[in-house]
Amino acid sequence: MKILFAGTPEPAAVALRHLIADERHEVAAVITQPDARRGRGRTLHPSAVAEVAAEHGIDTYKWPSLKSRTESGDEARAVLRQLADDGVEAVAVVAYGNLIPEDLLNTFRHGWINLHFSVLPRWRGAAPVQAAIAAGDRTTGATTFRIEKGLDTGPMIGTITHEIGLADTADDLLTALTYAGRELLADSLAELADGTATLTPQDDGEATHAAKITSGDAQIDWSLPADQIQRIARAHTPAPGAWSMMAGQRYKIGLMMPLDPDFCLDATTPAPGQVLTEAGKVIVGTGSAPLEIASIQPPGKKMMNAADWARGQQQLLAAEPTFDAKETH
């Protein structure tokens, strides 16, 4: 099938590379977000998708908006109509980051086909992987569906599922789903091309919403139960990073794990947020059972093994420090 690809970050670039290599499809052009400023010099850099397209000599369009009655939106409509006339039948969408106006959804025969990283209708929205971990879901997955007016509401073409492990972070899951999802997307497009695809309506009554993540969402409330804290930390790793304040400084908290059932504390069970060391472990109190902090990022440092950090913090830890309570507004 002759397709257009719409996407921006690295997971989208992975899917684009796969579609370019798939003999069943021809990527005629790419649309992505405009170059963004990154790094210390704040210089402009193309998106990961734009870089892949450039490597393969594929025409790339970087419209800041697709809205009508804007310069970029009007240009986009003219280009998209021409691509449809030239035989493009569908748009493959992976983390594009721009709203697709309703009047553009039927420009192509098979529409705009999105790869979404959840098993819809569960976790519609901006942060489905993070939401699945934080909620304690045992499985997640990916879904291909045809975009319509609502937020992630369109009819589904295919799904895959993936188990969520106790140590899986959002980065771990997104990586796994990216590589499995690229296969799903390519297969779904092929099924549309040969007429074997079945589009299944979503059950809106089963829908849940995954809102965009903020830094405030990643602040740890140590009064919560241990299993909930552990999930919240994993859900926000690596970005924006779970965090907490201690002695006026902000620490990022990496992976935390339940203590081994055979491990017995010599000290009194720590209060919520209280940090202690025992048998080479860095342990923190919660609203239920203590957790072992496996990795921590002190202010101005990189993420490091928590036991290594503790060896250089004997004076601080001797004072039985406590992470601050979560800020409320």
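A quick note: this is a predicted structure, and the numbers were derived from the prediction, not measured. (Residues numbered from 1 in each chain as written. Predicted model: local features only at pLDDT ≥ 70, side-chain atom pairs only at ≥ 80, totals over all residues. Heavy atoms only, no water.)

### Examining the UniProt feature "domain: Formyl transferase C-terminal" (unreviewed entry) in the protein
Note the cut-off: UniProt positions are given in the numbering used here, feature names are shortened, and annotations may be inferred rather than shown by experiment. By the criteria applied, helices consist of DSSP H or I runs no shorter than four residues and strands consist of E runs no shorter than two, each listed in order from the N terminus.
Within this numbering scheme, the UniProt entry marks residues 212-313 as carrying the feature "domain: Formyl transferase C-terminal" (unreviewed entry). In the segment residues 212-313, helix accounts for 16% and strand for 27%; the C-alpha atoms at its two ends are 36 Å apart.

### Some points on the sheet that holds strand S2 (residues 26-31)
Put simply, the rule is: Note: two strands are recorded as paired if DSSP finds a minimum of 2 bridges between them. Geometry is summarised by axes, namely lines fitted to C-alpha atoms with helices restricted to the contacting stretch, and by angles between N-to-C directions that run from 0 to 180 degrees.
The strand order S5-S2-S1-S6-S7-S9-S10 describes an open sheet built from seven strands, whose pairing is mixed. Each edge of the open sheet is held by one strand with a lone partner, namely strand S5 (59-61) and strand S10 (156-163). For this sheet the average axis-to-axis angle between neighbouring strands, irrespective of direction, equals 20°. In terms of strand pairing, strand S6 (residues 90-94) meets strand S7 (residues 112-116) through three bridges, oriented parallel.

### A few points about the sheet that holds strand S12 (residues 243-246)
With antiparallel pairing, four strands are arranged side by side in an open sheet as S12-S13-S18-S19. Here the strands that pair on one side only, and so sit at the sheet edges, are S12 and strand S19 (304-305). Here S12 runs beside strand S13 (residues 249-253); their pairing, made up of four bridges, is antiparallel. If you follow Met 245 over to S13, its bridge partner there is Arg 250.

### A closer look at the side chain of Arg 234
For clarity, the cut-off: Residue burial is assigned from relative accessible area. The probe radius is 1.4 Å, only protein chains are included, and a residue is buried under 20% of its type maximum, exposed over 50%, and partly exposed in between. As used throughout, the charge tally considers Lys and Arg to be positive and Asp and Glu to be negative, leaving His and the chain termini uncounted. The term salt bridge refers to a pairing of a side-chain nitrogen on Lys or Arg with a carboxyl oxygen on Asp or Glu at a separation within 4 Å. Pairs of N or O atoms are called polar contacts if they sit within 3.5 Å, as long as, within protein, a hydrogen donor faces a hydrogen acceptor (for residues adjacent in sequence, only side-chain-to-side-chain pairs). Note on definitions: a residue-residue contact is assigned when non-hydrogen atoms from the two residues lie within 4.5 Å.
Inspection of the secondary structure assignment puts Arg 234 in helix H6 (residues 226-235). At 5.7 Å, Asp 168 is the nearest oppositely charged side chain to Arg 234, a buried residue that forms no salt bridge. Separated by 2.9 Å, the side chain of Arg 234 and the backbone oxygen of Gly 165 make a polar contact. When sequence neighbours within four positions are dropped, the list of residues in contact with Arg 234 reads Ile 133, Ile 164, Gly 165, Leu 166, Ala 167, Asp 168, Thr 169, Ala 170 and Leu 255.

### Observations concerning the side chain of Ser 244
For Ser 244, the location among the structural elements is in strand S12. Only 2.9 Å separates the side chain of Ser 244 from the side chain of Trp 222, close enough to count as a polar contact. Leave out the neighbours within four places in its chain, and Ser 244 touches Ile 220, Trp 222, Gln 249, Arg 250, Tyr 251, Phe 323 and Asp 324.

### With respect to the nonpolar core
The nonpolar side chains of soluble globular proteins are, as a tendency, buried together. The following threshold applies: The definition of a nonpolar core used throughout is a set of buried Ala, Val, Leu, Ile, Met, Phe, Trp, Tyr and Cys residues joined through side-chain atoms within 4.5 Å.
Membership of the largest hydrophobic core comes to 39 residues, with the highest contact counts inside it found for Phe 5, Leu 19, Leu 185 and Leu 189. Of all the secondary-structure elements, those providing two or more residues to this core are strand S1 (2-7), helix H1 (10-21), S2, helix H2 (48-55), S6, S7, helix H4 (128-134) and helix H5 (170-194). By residue number, the principal contributor to this core is H5, which donates eight residues. Beyond its immediate sequence surroundings of up to four residues, Leu 185 is in contact with Ala 15, Leu 19, Ala 92, Val 94, Ile 113, Leu 115 and Thr 144. Of all hydrophobic cores here, the second largest spans 23 residues; its members include Ala 6, Ala 76, Val 79 and Leu 104.

### Thoughts on the pairing of strand S15 (residues 275-278)
Taken residue by residue, a regular strand's side chains alternate between the two faces of the sheet. When S15 meets strand S16 (residues 281-284), the two strands line up antiparallel, connected through four bridges. The residue bridging Val 275 from the neighbouring strand is Val 284, located in S16. Here S15 hands over to S16 after two residues, with Ala 279 in that stretch at a positive phi of 55°.

### Some points on unusual backbone geometry
The omega torsion of the bond from Leu 120 to Pro 121 falls at 10°, within 30 degrees of zero and hence cis. With respect to the helices, strands and loops of the structure, Pro 121 is situated in the loop between S7 and strand S8 (124-125). Cis geometry is found at the peptide bond from Thr 237 to Pro 238, where omega equals 10°. As for its position among the elements, Pro 238 is in the loop between H6 and S12. Non-glycine residue Arg 69 carries a positive phi angle of around 65°. Structurally, Arg 69 can be placed in the loop between S5 and helix H3 (71-85).

### Considering the packing of aromatic side chains
The description of an aromatic ring pair uses the distance of the two centres, along with the angle that the planes make with each other. For clarity, the threshold we go by: Within 6.5 Å between ring centres, the rings of Phe, Tyr and Trp (the latter by its six-membered ring) count as paired, and their orientation is classed by plane angle as stacked under 30 degrees, edge-to-face over 60, tilted in between. Criterion for a charge above a ring: Arg CZ or Lys NZ at most 6 Å from the ring centre, at most 35 degrees from the ring normal.
In this structure the tally under the stated criterion is five aromatic pairs. Between Tyr 61 and Trp 63, the ring centres sit 5.0 Å apart and the planes meet at 15°, which makes this aromatic pair stacked. You can call Trp 63 buried: its relative accessible area is 4%. When the centroid spacing of 6.3 Å and the interplanar angle of 65° are considered together, the rings of Phe 108 and Trp 112 count as edge-to-face. Grouping aromatic residues by their ring pairs yields a cluster made of Trp 222, Tyr 251, Trp 309 and Phe 323. Arg 250 extends its terminal NZ or CZ atom over the ring of Trp 243, reaching a point 3.7 Å from the ring centre. Over the face of the ring belonging to Phe 263 we find Lys 281, whose NZ or CZ atom lies 5.6 Å from the ring centre.

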